[in-house]
Amino acid sequence: MNRIYQTLILHHLNHYTQMVFLSGPRQVGKTTIAQRIGTHFPNSIYLNWDITEHTRLIIEGVLAVGKAYGADELKSQKTLIIFDEIHKYTHWKTFIKGFYDHYKNIFQIIVTGSSHLDIYQQRGDSLMGRYFQYHIYPFSVGELIERPLSPDMNEEIFSPRALKEEDFKKLSDFSGFPDPYLAGNKKFHTKWETTKNSQLFKEDVRDLTNIHEVDQMEIFSVLLKNQVGGLLNRSNFAKHLQVSIQTINKWLSALENLYFCFRVYPWSTNVARSLIKEPKIFLYDWSTLDDTGKKCENFIACHLLKAVSYWNDTGLGKYELRYIRDKEKREVDFLIVKNGQPWTLVEVKHSEKFLSKNLEKFQKMLGAHHAFQVVFEMPFVNMDCFSVNYPVVVPAKTFLSQLP
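Quick summary incoming for the structure in this document. (Residues numbered from 1 in each chain as written. Predicted model: local features only at pLDDT ≥ 70, side-chain atom pairs only at ≥ 80, totals over all residues. Heavy atoms only, no water.)

**Comments concerning helix α7 (residues 165–174)**
Residues separated by three or four positions in an α-helix point in the same direction, a consequence of the helix having 3.6 residues per turn. Applied cut-off: Remark: exposure states derive from per-residue accessible area (1.4 Å probe, protein chains only) relative to the maximum for the residue type, with buried under 20%, exposed over 50%, and partly exposed in between. Secondary structure elements are defined from DSSP: runs of H or I of at least 4 residues count as helices, runs of E of at least 2 residues count as strands, and each element is numbered from the N terminus. Here a residue-residue contact requires only that any non-hydrogen atoms of the pair lie within 4.5 Å.
For α7, the complete set of buried residues consists of Asp 167, Phe 168, Leu 171, Ser 172 and Phe 174. In the core, the buried residues of α7 are packed alongside α6 (141–144), α8 (178–183), α9 (186–208), α13 (292–314) and α15 (396–401). After α7 finishes, the residue Ser 175 shows a positive phi value of roughly 80°.

See the structure below:
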């Protein structure tokens, strides 16, 4: 299937000169996306850091790579070059900066990474202005519908369309990662999940961090699953694992950087007696959760994070994913903030259709345009959720179909 990211990245390559950085979890499809984009070019080159011959060539330096692929003969027509998983190379930023500066008129460049490719401006090592980052996430309801996208990438919200019930169930049961979703098989999913976790802790943590307490960190990741949707209490984790809060912070940052989990922070502006600091935690793979309520909330959280990232990556505005909670423990699960202003409130329920009073309360307080109670166990209804500006109960299948 064609993924929404292919249209997005081809649009970039047709309009901009900056490098494309693709980051996302392991096995989310970054390499497949990059290689499919390569089929749209007369010439494309693929270099993977995990292939020994490619590693040796990259280590030889910028000019060696250019010479190996006849850069001098390519000046009349740009060629796409893909550097896959090159973030594992200690000096990757220096290499990529040099390659771009030397060959930007010859090559269009895609860089992929299974950790956040966060670039900080450092003396002699700045990539500022040389790249745009695009975040690749697992399949979502909206993406599985495979609707056509406009060439100018101007769509924020789409018309509702039904996803087949069996596809929605597969997405819920087996996650949105391509391999287990397409297999649709419980045994395959179990083996795939075990292998992915082993690679995360035995390879990625070892290769990409300075963390040595890998076994304890893996136990910490299991404990995080019980915390999904709840406030993150680092003191309790530290006490349970007999480590410092600083160690918990280090582990948590590493797991975020490696796309195991993400934090959602509270929104406090204009919220009386709001919580100021404590985030909620969610996983990129909701399929590992046994608790129905946590799984539903995590499922919606991943869809909202993907939408927010997509809107940011396409340049439609500045979006944030937050939640609302005050000291009286009145809460709305999620708030989408658009250009600094509350835009859409989302309360998640498995089957409860009685409208939450907190939606009305916080919508009035914040002036948010939309307030939805998204119910997981409701059939699809062909309605435009975003045409309504008052608190309303909507099916998850309808609401999610309108997001990218």
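**Points about the side chain of Lys 196**
Tracing the backbone shows Lys 196 in helix α9. Under the relative-accessibility criterion, Lys 196 is labelled buried at 11%. For Lys 196, the residues in contact, after removing those within four places along its chain, are Arg 26, Gln 27 and Asp 285.

**Focus on the environment of Lys 250**
For Lys 250, the location among the structural elements is in helix α12 (residues 245–257). Between the C-alpha atom of Lys 250 and that of Thr 209, which follows or precedes it by 41 residues, the distance is 9.8 Å. Each residue touching Lys 250, except ones within four places of it in the same chain, is listed here: Ile 211 and Glu 213.

**Section: the nonpolar core**
Note the following rule: By convention a nonpolar core is built from buried Ala, Val, Leu, Ile, Met, Phe, Trp, Tyr and Cys residues, the set being connected through side-chain atoms within 4.5 Å.
Judged by nonpolar contacts, the single largest core of 95 residues is most densely connected at Ile 110, Leu 224, Ile 300 and Phe 399. It is α13 that provides the largest number of residues to this core, a total of eleven residues. Sequence-distant contacts of Ile 300, defined by excluding residues within four places in its chain, comprise Phe 334, Val 346, Val 348, Val 374, Ala 396 and Leu 400. Core analysis: the next-biggest nonpolar cluster, separate from the first, contains 29 residues, Ile 45, Trp 49, Ala 71 and Ile 96 among them.

**Focus: the pattern of salt bridges**
The test is simple: Salt bridges are defined as contacts in which a side-chain nitrogen from Lys or Arg sits within 4 Å of a carboxyl oxygen from Asp or Glu.
Under the defined criterion, the tally for this structure stands at 24 salt bridges. Between Glu 85 and Lys 88 there is a salt bridge whose closest N-O contact spans 3.7 Å. Where Lys 97 meets Asp 101, a salt bridge forms, and the shortest distance between an N and an O atom there is 3.4 Å. Taken together, the positions of Lys 97 and Asp 101, both in helix α5 (residues 92–103) and four residues apart, correspond to about one turn of that helix. Take Lys 97: its relative accessible area is 21%, and that puts it in the partly exposed class. Through salt bridges with shared partners, a single network forms among Lys 280, Glu 297, Arg 325, Glu 331 and Asp 333.

**Some thoughts on the packing of helix α10 (residues 214–226) against α12**
Basically, it comes down to this: Think of each axis as a best-fit line through the C-alpha atoms, taken over the contacting stretch in the case of a helix, with angles from 0 to 180 degrees between the N-to-C directions. Roughly parallel covers angles under 35 degrees, roughly antiparallel covers those over 145, roughly perpendicular covers 65 to 115, and oblique covers all other angles. Side-chain classes are defined by residue name, with Ala, Val, Leu, Ile, Met, Phe, Trp, Tyr, Cys and Pro counting as nonpolar, Asp, Glu, Lys and Arg as charged, and the others, Gly among them, as polar.
The interhelical angle for the contact between α10 and α12, taken along N-to-C directions, is 75°, at an axis separation of 11 Å. As the angle between them shows, α10 and α12 are arranged roughly perpendicular. Along the contact surface, α10 presents Gln 216, Met 217, Phe 220, Ser 221 and Leu 224, while α12 presents Ile 248, Trp 251, Leu 252, Ala 254 and Leu 255. Looking at the contact of α10 with α12 residue by residue, the classes come out as eight nonpolar, two polar and no charged.

**Considerations on the packing of aromatic side chains**
The condition that has to hold: For Phe, Tyr and Trp, rings pair up if their centres lie within 6.5 Å, where Trp contributes its six-membered ring, and each pair is then called stacked (planes under 30 degrees apart), edge-to-face (over 60) or tilted (otherwise).
Counted by the stated rule, this structure contains 30 aromatic pairs. Between the aromatic rings of Trp 286 and Phe 299, the centroid separation amounts to 4.8 Å while the plane-to-plane angle is 70°, which identifies the pairing as edge-to-face. You can see Trp 286 sitting in the loop between β7 (280–283) and α13 and its partner Phe 299 sitting in helix α13, a full 13 residues away along the chain. According to the relative accessible area criterion, Trp 286 is buried, its value standing at 2%. Phe 299 gets classed as buried once you look at its relative accessible area, which sits at 0%.

**What to know about the pairing of strand β8 (residues 319–325)**
Selection criterion: Only strands joined by at least two bridges in the DSSP assignment are considered to pair.
Where burial is concerned, most of β8 is hidden: five out of the seven residues are buried. Taken together, the two bridges between strand β6 (residues 261–266) and β8 define a ladder with parallel strand orientation. Its bridge partner being in β8, Pro 266 is matched across the sheet by Tyr 323. Sheet topology places β8 next to strand β9 (residues 331–338); six bridges connect them, and they run antiparallel. Counterpart to Glu 320 in the pairing with β9 is Val 337.

**Description of α9**
Note the threshold: Expected span of a helix: the number of residues minus one, times 1.5 Å. We define the bend at any residue as the angle between the axes fitted to the seven residues before and including it, ending there, and the seven starting there. N or O atoms within 3.5 Å of each other form a polar contact, as long as, within protein, one can give a hydrogen and the other can take it, and as long as residues adjacent in sequence are counted only when both atoms are side-chain atoms.
With 23 residues, α9 should reach 33 Å at 1.5 Å per residue; the first-to-last C-alpha distance of 31 Å fits that figure. Helix geometry: α9 is bent most strongly at Leu 200, by close to 35°. Inspection of α9 places His 189, Trp 192, Glu 193, Lys 196, Asn 197, Gln 199, Leu 200, Phe 201, Asp 204 and Val 205 among the buried residues, and these make up the whole buried set. Residues of α9 that are buried in the fold lie against α7, α8, α10 and α12. At the N-terminal end of α9, a side-chain oxygen is found 2.9 Å from the backbone nitrogen of Lys 187, two or three residues along, and the residue is Asn 185.

**Thoughts on the sheet that holds strand β2 (residues 44–48)**
Ordered in space as β2-β3-β4-β1-β5, the five strands form an open sheet in which the pairing is parallel. Edge positions in the sheet fall to β2 and β5 (131–135), since each has one partner strand and no second. When the angles between neighbouring strand axes are averaged without regard to direction, this sheet yields 20°. Relative to β5, strand β1 (residues 19–23) runs parallel, the two sharing five bridges.

**Here's the deal with the layout of surface pockets**
What counts is decided by this rule: A pocket here means an open set of points on a 1 Å grid, computed over the protein atoms alone, that has protein on both sides within 12 Å along at least five of seven lines. A cavity is instead a set of points where a 1.4 Å probe fits but cannot get out; residues with an atom within 4 Å of a point line either one. Grid points are joined across faces, edges and corners, and a volume is the space filled by probe spheres set on the points.
The calculated volume of the largest pocket comes to roughly 540 Å³. If you go around the largest pocket, you meet 23 residues; those closest to its centre are His 116, Tyr 137, Leu 305, Ser 309 and Asn 312. The set of elements that each furnish at least two residues to the lining of the largest pocket consists of β5, β6, α13 and β8. Of the residues assigned to the lining of the largest pocket, the class counts are eleven nonpolar, six polar and six charged. Taken as a whole, the second largest pocket spans an internal volume of roughly 450 Å³.

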